[in-house]
Amino acid sequence: MRTILLGPPGAGKGTQASVIVNEFHVPHISTGDIFRYNIKQGTDLGKKAKIYMDQGLLVPDELVVAIVEDRLKQEDCKNGFLLDGFPRTVPQAEALDNALVKMDISLDRVINIEVDKDKLVRRAVGRRICKECGATYHLEFNPSSKGELCDQCGGKLYQREDDTEETVSKRIEVYLKETQPLIQYYQERDLLMVINGDQDIAIVSKEIVDALGRRS
Ligand code: AP5
Ligand code: ZN
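With an unreviewed UniProt entry as reference, the protein is termed Adenylate kinase, source organism Clostridium aceticum. We quote the UniProt Catalytic activity (unreviewed entry) comment for the protein here in full: "AMP + ATP = 2 ADP". UniProt, in the comment section headed Function (unreviewed entry), describes the protein in these words: "Catalyzes the reversible transfer of the terminal phosphate group between ATP and AMP. Plays an important role in cellular energy homeostasis and in adenine nucleotide metabolism."

What is the right way to look at the overall build of the protein in this model?
Scanning the protein from terminus to terminus reveals nine helices and eight strands. Taking 2.2 N^0.38 as the reference for a compact globule, 216 residues should give roughly 17 Å; the C-alpha atoms of the protein span a radius of gyration of 17 Å, in line with that estimate. In terms of overall dimensions, the protein has C-alpha extents of about 45 × 40 × 35 Å along its principal axes. Put simply, the protein has 216 residues, and 46% of those count as buried. Of all intrachain contacts in the protein linking residues separated by at least 6 positions in sequence, the fraction that spans at least 24 positions is 69%. Entry remark: accessible area of the protein is about 11,600 Å², with carbon and sulfur atoms responsible for 48%.

Explanation requested: the pairing of strand β1 (residues 2-6) in the structure shown.
The two faces of a sheet get side chains in turn, since along a regular strand they alternate between them. The element β1 is largely enclosed, with a buried count of five among its five residues. Of the strand pairs in this sheet, β1 and strand β3 (residues 81-84) are connected by four bridges, and their pairing is parallel. From the neighbouring strand, I4 faces β3, where its bridge partner is L83.

Cut-offs and rules
- Residues numbered from 1 in each chain as written.
- Chains lettered and ligands numbered in written order.
- Predicted model: local features only at pLDDT ≥ 70, side-chain atom pairs only at ≥ 80, totals over all residues.
- Heavy atoms only, no water.
- UniProt positions renumbered as here; feature names shortened; annotations may be inferred.
- Helix = DSSP H or I, 4+ residues; strand = E, 2+ residues; numbered from the N terminus.
- Rg over C-alpha atoms; globule rule 2.2 N^0.38 Å.
- Buried < 20%, exposed > 50% of the residue type's maximum accessible area, 1.4 Å probe, protein only.
- Contact = heavy atoms within 4.5 Å.
- Areas by Shrake-Rupley, 256 points an atom, 1.4 Å probe, with all protein chains shown as cover.
- Pairing = 2+ DSSP bridges.

In structure tokens:
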């Protein structure tokens, strides 16, 4: 399975990615997670990416594309992968197409998770993430039964630095301008499948798993 998860900030890409990778046993490649890891480690890449991420802007294509190309060549991607948050611009999508041609493989599906714009800010601002295992919660829509601690491992929950109302609004604006054109890009290639992300998390998961299962 070689799949892309597309959708605006807060649509539920990360939440659904963890379900998909468990079901289909493929690696989860999130460019946002890769950048956050690099920021935490204090690498040069992390330092460069942070400047853009803090403002809700996209990291320049050339930085992102090189990382994903390297990642796709790794052994664990041989039987498939799930891309989350990449591609985010038409040049990134074109670079991905070129890389896949060179590897003699192609995409199976692009899942677009749709959620009304006015709900996205509330979702992102209320998001909390476990420091230890990375599990994602929401103060209102998906709270941990242990309050400020993770249900699964007891780790402390934190809020992402770019999950302020101001930065999320900027990220949505950038999504509409830079990333939304990819919907048409993948529609034209007959790869797009739209999922209504404005339903219970479990229902969204079921619809995605069913859709991917039908195709493979
Ligand atoms: P990234 O980390 O990719 O963030 P994003 O795309 O803004 O997406 P989010 O992680 O905010 O949302 P999500 O869709 O994963 O939602 P989640 O499942 O967590 O990117 C961050 C930054 O990195 C970018 O701004 C950019 O600077 C840079 N970057 C990354 N990739 C790049 C690239 N390719 N090119 C250039 N720059 C790049 O859910 C959100 C909340 O809602 C959670 O609290 C969750 O519990 C809740 N929730 C989920 N589903 C539901 C539901 N069905 N009902 C109710 N609540 C729900
Ligand atoms: Zn945890």
